[in-house]
Amino acid sequence: MDWRLSLRALICGTLVSSASYGAVVDNNNTKQVSPNAKNELPKLLVRWEDNVVRSSRVRPSGVSIKKTFNHIKNVEVVEVQAGKTLKEALSEYEKIPGVAVVEPDYRVHSMLTPSDLDFGLLWGLDNASNTDINAPQAWDLTTGSPEVVVAVIDSGVDYTHDDLKANMWQNPNEVPDNGIDDDNNGYIDDVYGIDAANDDSDPMDDDNHGTHVSGTIAAALNNGKGVVGVAPNTKIIACKFLDSFGGGDTSDAIECLNYLYDLKVNHGVNIVATNNSWGGGGYSEILKDVIDQHKDAGMVFVAAAGNETRNIDIDLTYPASFDNENIISVAAIDEQNQIADFSNFGIENVDIAAPGVDIYSTLRDGQYGYMSGTSMAAPHVTGAIALLAAHLPSESADVYQRLVTQMGVRVPGLNGLVAHSQRMILWGENNDGPLNCEDKKVVRVLEPVSPDGVIFVTPNVDLPLKVSVHNCGKPVLDQTFLAKVDGEKRATLVDTGTGADDVAGDGIYHGMLSVDFLGTAVLSFSDESEADSGETTPSEDESNETIVGDIAGEFIINSNYRPSFTEVPYEFIEVEGTPLSLSLDDFEQININFPVKWPWADESEIFVGSNGIITAGAGVKEYHNSPLPYSLVNHGVMPFWDDLDPAGGSVTYSVIGNAPDRQLVVDYKDVQLYEVGSDSPEDRLTFQVVMSERTPEIVFNYKDVDVPSNSELGAGSSATIGYQYQNIASDLSYNSALLSSETSYKVSIGDINIDDFPEISTLSVSGVYRPGYPITLEVVSSAAEENAEIQLSVDFGEGESITVPSETANLSHIYAEAGTYNIEVSATWNDKKIFRTVVVNILELSQFEQELVNSEHQRTLDIVANDPESYGLDSPETLITATKESIDALASGGTYLLGSSEEITDLTAVFANAHLVWTYTDEGGFLGWSPDAAVKTKISNSGYDTLTKIEAGSGFWVKK
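Residues numbered from 1 in each chain as written. Predicted model: local features only at pLDDT ≥ 70, side-chain atom pairs only at ≥ 80, totals over all residues. Heavy atoms only, no water.

1. Describing the pairing of strand S56 (residues 955-959)
Alternating residues of S56 divide into Phe956 and Val958, all buried, and Gly955, Trp957 and Lys959, none buried. Note that strand S52 (residues 895-899) and S56 share 5 bridges and pair antiparallel. By the bridge assignment, Leu898 is partnered in S56 with Phe956. Across 3 bridges, the pairing between strand S53 (residues 916-920) and S56 is antiparallel. Opposite Trp918, over in S56, you have Trp957 as the bridge partner. (Buried < 20%, exposed > 50% of the residue type's maximum accessible area, 1.4 Å probe, protein only. Helix = DSSP H or I, 4+ residues; strand = E, 2+ residues; numbered from the N terminus. Pairing = 2+ DSSP bridges.)

What follows is the structure, given as structure tokens:
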């Protein structure tokens, strides 16, 4: 296997410039790979433990050292010679004592999507639609500084281009073309940078990509030529590691990073950021560590998010998905402020969006042209870092990074796609841009994170909480942040370097929430720092997310029994089963006469799919795997959901054991990945699923998941592995090479004891769902302990809670207005809670209903008018004067409709010996009063309004 092949070809479309260039087009979504220009053998990255000296390192046969790094400790690149496979070499290195990390030298690629649209201006810098980064306004403050340097790690730079040559960094300690390493940094004649791809010191571009990126960063200003960059007085170092096809090795990217680290730390070059418009390789721990090394040296690592239209929070891509603190991952937007149709996204791993569609910039040989891609978005951010370094030279790289990522423009179309829904700007109209920021406090919830605001957790766990607060990029200290669950204070977040907070004074406030409840509850945050200042929370402004007071961020915590995956001892059950007649993209129902227990529900109608997906109730043929939850699955098991071909292998099922301990075993034997198309037996996959009649757990046994002919497709690297019930899913991996042959995993609920929690067995609503009419809520709760002291809490959705010190409740409530109300109920026992919610829709009276009400009202008046004496009235026109004596004279236990010719304001004086007095408003609303305090409380707790007086001439009811 040649590890130089890229994982995915991203180059699609057409590049248009004033010269003629060949276009690489992929209109059918077929996979392309960049050729191995140097025809190299596959390579490995190896890191040795610190205590293993170089002379004592034992290496396998058939490998040779190709490269080491002077500032990356104990790391070497080794070449695997012909006659030995990469898999063999990996396996041998893993067994050698003293080897800390061994990983493939992944092939990566540029993040470019060229475009063939007509000529246009630099809309990303300035346009009439106000979707640009406001570059001209920023240039009134600074156009950059030649003392500030950024590095373009790419396909090289045409350093002779008229729009770039004035801004190319030239090594002051190197004499050009003298064949001597004058500055003793290991590179001869590295005047403009180096070429790690070809192992020389000439970073001339042979692909256009790096030159285009460089023009966006720092094309010259006011030179009467072509275009202008974001930071037009900034210097650029070129480090070439991508070849003319846009592909490159991770080890060569690491060499560029090592070279730049040395220039900054040992040669005083003021490099503030690197632009990295490339990615797509596998996870490299060594690359991640080298990026961390750049953070320590004060360099920001700007990364293109990628162009596969995928969520890189789930479907990870590197380096953009690394969690290094100094990485800014950049998505692409178009001129309409919408995310580009090709751009990757993810609210955890994509930090900001920037212009990336139809970007006009420099090309080789003095030309200009359009390109699109996250590759084009990233250099806008790199240019912004350069401008900030020139404008605020005494600030740190951390401040520059926060200014760019926090002081952007909030775009509704980026909700759920980019962190905090922001696109980048340089300058803001309200002194709220990175370069003109003045006294802008920005508070953000960093954890938890959810695109839809729902957080699924398991009971009895601690949920990490994290809030950041900065003012123009600088930490704000001595703040008070609270986390509340359904309005109740549950945690305090601190920035003291204690408890969950690991660094004091960095403006990141940490806390832990103990999830000691079942069900759904609202998690909210509040900034108590301004509570006594009189400041209020401004309304949310689509152009800026600056917040004082309440923090923007409210989540629904769904605490429930969620199955999880755990690795268990490998035990493959060898059994001859009943074969299924499956073809490509097919499924078949299997016949069993007993239910098997899946973690969330028992199932007996089982459908086995040819693509490694087993479902209940209905089959699924889909060959293109997706993240979970997947809309076409109600209840499903995914041991290896991928595009599989059962031809040449078999899919069988077996029932083993005796009731009530029977097991259902589904075997996939010697199936192959359709994409591989190899007839080699070594490339075939064998795995099985074991389901139980007694125990609610499922076991996945993986006998062979390796694909030697294409290691990039083995180990589940293109598969979904998980379990789903309705819209809730637990997954082991998605498109990640996590699996190994001869391993087993179990999915189960785990060790949660339901008896620890109270239970709400009845939650129902009845009544008339109209404004002004009572509805009744019935709640019945229980606990495992007899005579348990349970406390109920009810919020009818209008912001006020009613506490009932009982396990049951029948509460009446009247809604004054139509609307949808969430009635939230909790039961508490032994400091454990369960939350339940029921939704009621209160509708306005229809015209027909209102006519019925009016008719019944009139009918009642007519009845009273025709027989007033039966209702305690002398006549409809002559009402009694209600006095204490007249009320006391009424027979005890009766209910009377009365009237008064005078207004009664002192209800206690008149109705002291009554049990209940009530009347109705003109709209039908109930008003009640009682001399009994307990009855008064019940009236109030039921949501009714209190009767305060009786109008002259009005009727009322009295119960004695």
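From this point, things continue past the structure.
2. Description of the packing of helix H3 (residues 209-218) against helix H6 (residues 374-391)
For the pair H3 and H6, the least separation of the axes is 8 Å and the interaxial angle reads 35 degrees. For H3 against H6, the interelement crossing comes out right-handed. On the side of H3, the interface is formed by His209, His212, Val213, Thr216 and Ile217, while H6 contributes Ser375, Met376, Pro379, His380, Thr382 and Gly383. Taken together, the residues of the contact of H3 with H6 sort by class into 4 nonpolar, 7 polar and no charged. (Axes fitted to C-alpha atoms, helices over the stretch in contact; angles between N-to-C directions. Left-handed = near helix turned anticlockwise from the far one by under 90°. Contact = heavy atoms within 4.5 Å. Nonpolar A, V, L, I, M, F, W, Y, C, P; charged D, E, K, R; others polar.)

3. Description of the sheet that holds strand S46 (residues 774-782)
The sheet built from 3 strands is open, its strands ordered S45-S46-S49 with antiparallel pairing. For this open sheet the edge positions go to strand S45 (759-767) and strand S49 (808-814), each flanked by a neighbour on one side alone. Strand-to-strand twist of the sheet, defined as the mean angle between neighbouring strand axes without regard to direction, takes the value 15 degrees. Inspection of the sheet shows S45 paired to S46 by 8 bridges, in the antiparallel sense. Pairing of Leu763 across the sheet is with Val779, part of S46.

4. Description of empty space enclosed by the protein
Tallied over the full model, the rule gives 2 cavities of 30 Å³ or more. Along the walls of the largest cavity sit 15 residues, with Leu122, Leu125, Ile359, Tyr360 and His380 positioned nearest its centre. Taken together, the elements giving at least two residues each to the lining of the largest cavity come down to H3 and strand S16 (359-362). It is S16 that provides the largest number of residues to the lining of the largest cavity, a total of 3 residues. Along the lines of polarity and charge, the residues of the lining of the largest cavity split into 9 nonpolar, 5 polar and 1 charged. If you add up the space inside the second largest cavity, you get close to 40 Å³. In this structure, the second largest cavity is lined by Val108, Thr250, Trp278, Gly281, Gly282, Ser284, Leu287, Tyr318 and Pro319. Looking at the lining of the second largest cavity, its residues break down into 5 nonpolar, 4 polar and no charged. (1 Å grid on protein atoms, 1.4 Å probe; cavity = no way out; pocket = protein on both sides within 12 Å on 5 of 7 lines; lining within 4 Å. Points joined across faces, edges and corners; volume = space filled by probe spheres on them.)

5. With respect to the UniProt feature "domain: PKD" (unreviewed entry) in the protein chain
The positions that UniProt labels "domain: PKD" (unreviewed entry) are, in the present scheme, residues 795-828. In residues 795-828, the share of helix is 0% and the share of strand is 65%. The end C-alpha atoms are 14 Å apart. (UniProt positions renumbered as here; feature names shortened; annotations may be inferred.)

6. With respect to the sheet that holds strand S10 (residues 247-249)
One open sheet accounts for 3 strands, arranged S10-S6-S12; its pairing is antiparallel. If you trace the sheet from one side to the other, it starts and ends with S10 and strand S12 (278-279), each paired once. Relative to S12, strand S6 (residues 107-110) is paired through 2 bridges, and the arrangement is antiparallel. Along S12, the bridge assignment pairs Ser110 with Trp278. Sitting on the sheet, helix H4 (residues 250-267) touches S6, S10 and S12, and the angle it makes with S10 is about 75 degrees.

7. As for unusual backbone geometry
Residue Tyr318 is joined to Pro319 through a cis peptide bond whose omega torsion reads 10 degrees. Relative to the helices and strands, Pro319 is located in the loop between strand S13 (300-304) and strand S14 (327-333). For the peptide bond that leads from Glu447 to Pro448, omega is 0 degrees, which places it in the cis range. A positive phi angle is found at Ser421, which is not glycine, with a value near 60 degrees. For Asp486, which is not glycine, the phi torsion reads 50 degrees and is therefore positive. With respect to the secondary-structure elements, Asp486 resides in the loop between strand S24 (481-485) and strand S25 (488-493).

8. A few points about the side chain of His470
Along the chain, the position of His470 falls in strand S22 (residues 461-471). Looking at His470, its side chain comes within polar contact range of the side chain of Gln406, at 3.2 Å. Discounting residues that sit within four places of it in the chain, His470 has contacts with Arg402, Gln406, Lys440, Lys441, Val442, Pro475, Val476, Asp506, Gly507 and Ile508. (Polar contact = N/O pair within 3.5 Å; in protein donor to acceptor, adjacent residues only side chain to side chain.)

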